[in-house]
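Geometric and topological summary
Listed below, chain by chain, are the residues.
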Amino acid sequence: MHDEKSCNTFNHVSRAPSFNTMIIIFILISFITSCVCGLVTTPVIMDYCQKRGLYDIPNIRKVHKTKVPRLGGVAFLPCVLIGSLVASVVMLANGVETITLSLWTVYFMLGLTMIYIIGLIDDILGVRALNKLIIQLIAATMLPLSGLYINNLQGLFGIYEIPFYIGAPLTVIVVSFVSNSINLIDGIDGLSASLSIIALIGFLCSFLDWGLQTFAIGIAALVGVLVAFLYFNLLGKVERNRKIFMGDTGSLTLGFLLSFLSLKLSMVNLHLPPFHGNGLLISITLLLIPVLDAVRVAAARIWHHRPPMSPDKTHIHHKLMSVGLSQHQALLVIIGLTLFFILLNWLLSLIVDINVIVLADIVVYTLLFVLITHLPKRQQAQ
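Everything in this summary refers to the structure shown in the same document.

Criteria and thresholds
Residues numbered from 1 in each chain as written. Predicted model: local features only at pLDDT ≥ 70, side-chain atom pairs only at ≥ 80, totals over all residues. Heavy atoms only, no water. Helix = DSSP H or I, 4+ residues; strand = E, 2+ residues; numbered from the N terminus. Buried < 20%, exposed > 50% of the residue type's maximum accessible area, 1.4 Å probe, protein only. Contact = heavy atoms within 4.5 Å. Areas by Shrake-Rupley, 256 points an atom, 1.4 Å probe, with all protein chains shown as cover. Expected span 1.5 Å × (residues − 1). Polar contact = N/O pair within 3.5 Å; in protein donor to acceptor, adjacent residues only side chain to side chain. Axes fitted to C-alpha atoms, helices over the stretch in contact; angles between N-to-C directions. Left-handed = near helix turned anticlockwise from the far one by under 90°. Nonpolar A, V, L, I, M, F, W, Y, C, P; charged D, E, K, R; others polar. Salt bridge = Lys/Arg side-chain N within 4 Å of Asp/Glu carboxyl O. Arc of directions from axis to C-beta. Phe/Tyr/Trp six-rings, centres within 6.5 Å; stacked < 30°, edge-to-face > 60°.

What follows covers the overall build of the protein. Each helix and strand in the protein was counted, giving 13 helices and 2 strands. Residues counted as buried form 52% of the 382 residues belonging to the protein. Looking at the protein alone, contacts between residues at least 24 apart form 76% of all its contacts between residues at least 6 apart. When the accessible surface of the protein is split by element, carbon and sulfur atoms take 70% of a total near 17800 Å².

Here it is, written out as C-alpha cells:
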C-alpha cells in the first residue's frame, strides 16, 4: 500500500541530492548549444518562408494584422537533438555513462517524428483537423505500447493503481488533449513558448531531483531553442522579415513533448528509487493554464452546439485583449497567473491532498475568468 501523504505533496518525500556541478555544466552546454543553433537556423527559415511565400495570413479570428512566416517550429526538434547530442558527447568524454536505447525510447521517437512531420505538412500544405487528430492518436498510442502509460492516479478522485486496459486508452486521450491544448493556446506572440518554458523548467528541476540527468539535458536543449524562438517572435521586426511564428510544427511538437514529460513524471515506478508519488500533482500544476483553457473553450462550444475544435476568439488571451490589453500585456498577465497557480498549489500541498488542490484550481480559475469576462470591453491597446 502506498503512503497517501507522499502522493499528495510536492516535497513530502525526502531525497538525497542527485546532481552535482558537472551535471549543471552539461545542462548549460545543452541549453547554450541549442539556443545558438536556434539563433542561427531561424533567420534561414524566415528567408526560406519569404522566398516560398509561406506566411500565416491574417483573418478575422487571428490577432496579427500582417503576414508572418509560420515555420519557426521547424528548428525545434533538430536544435534539441543537436544540443542533447553535444552535451551527451561531452558527458561521455568525461566518463559519464548516458546513452541508452530502450523500447520506450524507440516508440517515443517514432511518435514524436510523426507529430513533427504532420505539423510540417500542415504548415506548408494544410491538413484537415480530423486527419491531424488521427495522427496524434496514433502517435500517442506509441507510448502505452512501449509500456509507458498512466498506471496510478496517486489519490486523484480517490484512485490509486489502475490496470493497463484502463491506463492505456486514458494515456492516449490525455496525451492527445494536452498536445492540442498547447496548440490551441498558441494565439498571441510568445504565449505558447513562454508557458512551455515555465513548465519545462519545472520538469527539469523534478527530473534532476530524482536523479534522471539525461532528461534534464534534453529539457535544457528544448528551453534553449525556445529562448531563441522567443527572441524573434517577440522582438523581431515584420518589415525586416525577422519575426516568425512557431506554426503547428512547433506547437504540436511542444505539446507532445510536454505530455510525454508529464506522463514520465506521473507514472509510478517502484523500481526507480526513491519512489516519487507527487509527479501527477506537479504535472497538473505545470500544464494547468493551457489545459483548463482548452477544457473551458471546448465545453463552451459544445454548450452552444458547435464542434469543440471549431475556431473562435474565446480563449483567455482573447478575453484579456477584449478589455483593452495589448498582446504583450496579455502575455504577462497569463505568465503571472501561471506562476500564481504554481505558488498556490505548492502552498496547498503542504496542508491538503490533491483532490482539494485540483478543486481549488478550478474554482479560482473560473472566478478569475468570470471577472475578466465581466470587465468593461475596451479597444485593444496597441
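Moving on, we get to unusual backbone geometry. Here the phi dihedral of Q154 falls at roughly 50°; this positive angle occurs in a residue that is not glycine. In this structure Q154 comes out as buried when scored by relative accessible area, which is 0%. Backbone geometry places F157, a non-glycine residue, at a positive phi of 60°. Accessibility expressed as a relative area gives 63% for F157, which makes it exposed.

Let us now look at helix 13 (residues 354–373). The end-to-end C-alpha separation of helix 13 is 28 Å, in line with the 28 Å expected for 20 residues at 1.5 Å each. Buried residues along helix 13 sit in contact with helix 9 (279–286), helix 10 (288–303), helix 11 (316–322) and helix 12 (327–349). Between the side-chain oxygen of the N-cap and the backbone nitrogen of N355 there are 3.1 Å, and the N-cap of helix 13 in question is D353.

Moving on to the side chain of K132. Looking at the secondary structure, you find K132 in helix 4 (residues 129–145). We classify K132 as buried; its relative accessible area is 15%.

What follows concerns the packing of helix 1 (residues 21–52) against helix 7 (residues 213–235). Here helix 1 crosses helix 7 at 35°, and the two axes come no closer than 7 Å. Helix 7 is crossed by helix 1, and the crossing has right-handed handedness. On helix 7, the residues that touch I23, F26, I27, S30, F31, S34, C35, G38, L39, T42, P43 and M46 of helix 1 are Q213, A216, I217, A220, A221, V223, G224, V225, V227, A228, Y231 and F232. Partitioning the contact of helix 1 with helix 7 into residue classes produces 18 nonpolar, 6 polar and no charged.

With that settled, the discussion passes to the pattern of salt bridges. One pass over the full model with this rule turns up 5 salt bridges. D248 is the salt-bridge partner of K132, the closest N and O atoms lying 2.6 Å from each other. Of this pair, K132 sits in helix 4 while D248 sits in helix 8 (residues 247–266), placing them 116 residues apart in sequence. In this pair, the class of K132 matches that of D248, namely buried. For the salt bridge of D293 with R296, the shortest nitrogen-to-oxygen distance reads 2.9 Å. Within this pair, D293 and its partner R296 are both found in helix 10, separated by 3 residues, close to a single helical turn. Take D293 and R296: they sit in the same class, and that class is buried. Connected through salt bridges with shared partners, the residues D122, K132 and D248 form a single ionic network.

Let us now look at helix 2 (residues 76–93). The terminal C-alpha atoms of helix 2 lie 26 Å apart, and with 18 residues this matches the ideal 26 Å at 1.5 Å per residue to within 8%. Residues F76, L77, C79, V80, G83, S84, A87, S88 and M91 constitute the buried set of helix 2. Along the axis of helix 2, the buried positions cluster into a sector of 165°, meaning they face one direction only. The outward face of helix 2, more than 90 degrees from its buried face, is lined by the exposed residues L85 and A93. Those residues of helix 2 that are buried lie in contact with helix 1, helix 3 (103–124), helix 7 and helix 8. Phi turns positive one or two residues past the end of helix 2, at G95, with a value near 80°.

The next thing to look at is the packing of aromatic side chains. Applying the stated rule across the entire model yields 9 aromatic pairs. Seen in terms of ring centroids, F76 and F229 are 5.7 Å apart; in terms of plane orientation they differ by 85°. Their pairing is edge-to-face. Linking F76 in helix 2 with F229 in helix 7, this pair joins segments that are 153 residues apart in sequence. Neither residue differs from the other here; F76 and F229 are each classed as buried.

The subject of this paragraph is the environment of P163. Relative to the helices and strands, P163 resides in the loop between helix 4 and helix 5 (164–184). On a C-alpha basis, the gap between P163 and Y149 in space is 9.9 Å, while along the polypeptide they are 14 residues apart.

We now examine the side chain of S192. Considering the arrangement of structural elements, one finds S192 in helix 6 (residues 191–209). Note on S192: relative accessible area 1%, which makes it buried. Among the polar contacts made by the side chain of S192, one reaches the main-chain carbonyl oxygen of I182 at a distance of 3.4 Å. Sequence-distant contacts of S192, that is, excluding residues within four places in its chain, are made with I182, I185, D186, M246 and L254.

What follows concerns the environment of N94. Along the chain, the position of N94 falls in the loop between helix 2 and helix 3. Remark: the alpha-carbon pair of N94 and M22, spanning 72 residues in sequence, is separated by 9.4 Å. Excluding residues within four positions of it along the chain, N94 makes contact with M22 and F26.

Looking now at the environment of G324. Mapped onto the elements of the fold, G324 is located in the loop between helix 11 and helix 12. For G324, a relative accessible area of 16% gives the class buried. Spatially, the C-alpha atoms of G324 and K377 are 7.0 Å apart, while their sequence positions differ by 53 residues.

Take it as geometry only, folks, not as evidence of what the structure does.
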